[in-house]
Amino acid sequence: MTRYDLIVVGAGPSGLSAAAEAAANGLKVAVFDENARPGGQLFKQIHKFFGSKEHKAKLRGYDIGTELLKEAQEQGVEVYLNAVVAGLYADKEIVVRLGEKVAHFKGDTVIIATGASENMLTFEGWTLPGVMGAGAAQTMMNINRVKPGERVLMLGSGNVGLVVGFQLLQAGCELVALVDAAPRVGGYGVHAAKVARTGVPFYLSHTIVKAEGTDRVTGVTIGEVDSKWQVIPGSEKRFDVDTICIAVGLSSSTQLLKMAGCELAERAAGAGYLPVCSDVGETSISGLYAAGDVSGIEEASSAMLEGRIAGISAAGKLGFAAQEAVTARLATLTTALEALHEGMFAPKNRGKSVDKTEEGYDVSTNLLKKGYLADEEITKYPGVKSVSGIHPVIECTQNIPCNPCQDSCPKKCITVGGNIVTLPVFDEKAGCIGCGQCIAACSGQAIFLVNEDIGDGLAAVTIPSEFLPLPEKGERGAALDRAGNVIGTAEVTDVKSVKSFDHTNLVTFTVPKELGMRARFWRKGAAI
Amino acid sequence: MRITEHPILGASEERRTVTFTHDGAAYTGFEGEPIAAALKAAGIVIHRYTKKYHSPRGVFCAIGRCTDCVMVVNGQPNVRTCVTPLAEGMTVDTQHGAGGEDRQ
């Protein structure tokens, strides 16, 4: 039996972070993962992450994954792939299936970072080929490079539903509707807005009645639900689809922790049983830690920090790192993690409806019910000021942990402040030069550059574009508003694709002056 | 169904094309991609029929957890096609029931 100072189960964001952190402190570390490739779900995350620099904000998930793998390799972490950890026993011994063989390993400390799996929802026809998890669709299109379907309906408006919905559009699929039984959009408003402005309708307070088809999905019927979640007769709507994606949350994969005899408890009624952990992720069994989604569902950014916290703690526990060094490192990591735990989407606010931002601004009910901000609401927020000349319009209206816009502006036009969930404030006196750095830096694609009057009765609008084909200079197309309605004709005057913008292209178009503060998307073809 | 150009991921990298059969018919796919991806690209979505009600199943989780996508691969039943790499000359057959002795 091989012994390691630390055994990590799961080579996702949390596990790799834990392993790298511990190995950097001199521990002999092995990571086991059942998959053929490491990285967990990071490599299918093609969107830019939120947070601040320390959280690797503004980088896309797969780039963060590549960085993490490199770090783990450089630190000498051994990664066992196609290695199914089938058992975790007393004295931190694990049983692993490696191909057709079973092997035993012993860890002086063990970190469980097994992540989570997708929840499902049952309805008539839910077992038909074509009904799949949103994560499955993401794997198909972003890893395997095959469209999960041509016409898709997404159920679930949390961040997974919204982000995967957008990625389906990027892959060239048609998204016929985004549906959620809840009365409000569950994920970030900025994620919802970038889907809504392409013209995808949102059906909140709706659920799937049935999937049609005999041997594969050919259609879907949704219906509005009442306060008791029952479908209101007569409210049904039908769509032709070949694929239905389900994004109704994740459940922590706690099986190994359960097997080891860790104490598990429900943090809230119905929230599922999760390991009871100390501040550093140590379970009720000394030297056995839980990190990442297995200890409670959060974003990958949090999972990476939780992994590092567990990793440095294991190093301290075994005497590889001096207590002062451990304390100092933990203080840095904990501060970074706490920054992500602020704002209206913080774990502590789960299930609560937040009506005002921390600054006292009303949260847009349009955003929560339809996925987009109403035209008349937009100037209420501190990132939006109607001034002459080119200026950013920052449509960021909820307290989410993110601040790359602040660092991106060379003229310091944008201030978020020390608390990264604060709404960005645009300072019109700082003198915007129209460089567009803020547009590319915004992970939520919520920043636009607008010159409300360029003469000849026109306004110029610059939008982030992550779709193909890119328009050409001089091409005329349709201008869409935040709701995805065609509001006029837009002529493209510039297309900027710069390596440092990392695949976010800046498309500038002109529209009639009165549409400058309304046009937020450009679509190929005539404005009809 | 293949995504050849993607706004973020760019053009697909060159991969070796291999041939395989599905229920006796010949298809091509890329070496090393999950069998399920090659089937999806070929428009095949039914992977198996359940034992009791003979109802069709396809890809559901795509990460090897749910076992809904199992098929008979090279004569071996219950192979998770979403995580099993495609290789030259593979036979991939629709699975009926549990695949073994109760095959129909």
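Worth saying up front: this structure is predicted, and the values here are computed from it rather than measured.

**Some details on the pairing of strand β1 (residues 2-9) of chain A**
Residues and elements named next belong to chain A.
Okay, so step 1: A large share of β1 lies buried, amounting to 6 of its 8 residues.
Okay, so step 2: The pairing of β1 with strand β6 (residues 101-112) spans 7 bridges and is parallel. Bridging from a neighbouring strand, Val9 pairs with Ile112 of β6.
Okay, so step 3: Direction of pairing for β1 relative to strand β2 (residues 29-32): parallel, over a ladder of 4 bridges. Across the sheet, the residue bridging to Ile7 is Ala30, located in β2.
Okay, so step 4: Once you follow β1 into helix α1 (residues 13-24) and on to β2, the crossover reads as right-handed.

**Here's the deal with the pairing of strand β7 (residues 70-73) of chain B**
All names here are of chain B.
Okay, so step 1: By the alternation rule, side chains of β7 split into Val70 and Val72 and Met71 and Val73, which are all buried.
Okay, so step 2: Bridge count between β7 and strand β8 (residues 76-80): 3 bridges; the pairing is antiparallel. Across the sheet, the residue bridging to Val73 is Gln76, located in β8.
Okay, so step 3: Here 2 bridges tie β7 to strand β9 (residues 91-93), and the two strands are oriented antiparallel to one another.

**Quick look at helix α8 (residues 323-340) of chain A**
Residues and elements named next belong to chain A.
Okay, so step 1: Its 18 residues give α8 an end-to-end C-alpha distance of 26 Å, which sits within 8% of 26 Å, the value for a rise of 1.5 Å per residue.
Okay, so step 2: Every buried residue belonging to α8 is among Val326, Leu330, Leu333, Ala336, Leu337, Ala339 and Leu340, and all of these are buried.
Okay, so step 3: Elements in contact with the buried residues of α8: α1 and α7 (300-317).

**A word on the interface of chain A and chain B**
Okay, so step 1: With 37 residues of chain A in contact, the opposing surface of chain B contributes 31 residues.
Okay, so step 2: In total, chain A and chain B occlude about 3000 Å² of area from one another, counting both sides; carbon and sulfur atoms represent 61% of this.
Okay, so step 3: Linking chain A with chain B are 1 salt bridge, by the criterion used here.
Okay, so step 4: When the shortest N-O distance is used, the salt bridge between Glu34(A) and Arg65(B) registers 2.8 Å.
Okay, so step 5: For the pair chain A and chain B, the interface holds 8 residue pairs in polar contact (both at pLDDT 80 or more).
Okay, so step 6: Of all the secondary-structure elements, those providing two or more residues to the side of chain A that touches chain B are β8 (131-133) and α3 (134-143) of chain A.
Okay, so step 7: When residues in the side of chain A that touches chain B are grouped by element, the largest group, 5 residues, is from α3(A).
Okay, so step 8: For the side of chain A that touches chain B, the residue count by class is 16 nonpolar, 12 polar and 9 charged.

Here is what the cut-offs are and how they apply
Residues numbered from 1 in each chain as written. Chains lettered and ligands numbered in written order. Predicted model: local features only at pLDDT ≥ 70, side-chain atom pairs only at ≥ 80, totals over all residues. Heavy atoms only, no water. Buried < 20%, exposed > 50% of the residue type's maximum accessible area, 1.4 Å probe, protein only. Helix = DSSP H or I, 4+ residues; strand = E, 2+ residues; numbered from the N terminus. Pairing = 2+ DSSP bridges. Right-handed = clockwise from strand over helix to strand, strands pointing away. Expected span 1.5 Å × (residues − 1). Contact = heavy atoms within 4.5 Å. Buried area = accessible area lost by both parts, 1.4 Å probe. Salt bridge = Lys/Arg side-chain N within 4 Å of Asp/Glu carboxyl O. Polar contact = N/O pair within 3.5 Å; in protein donor to acceptor, adjacent residues only side chain to side chain. Nonpolar A, V, L, I, M, F, W, Y, C, P; charged D, E, K, R; others polar.

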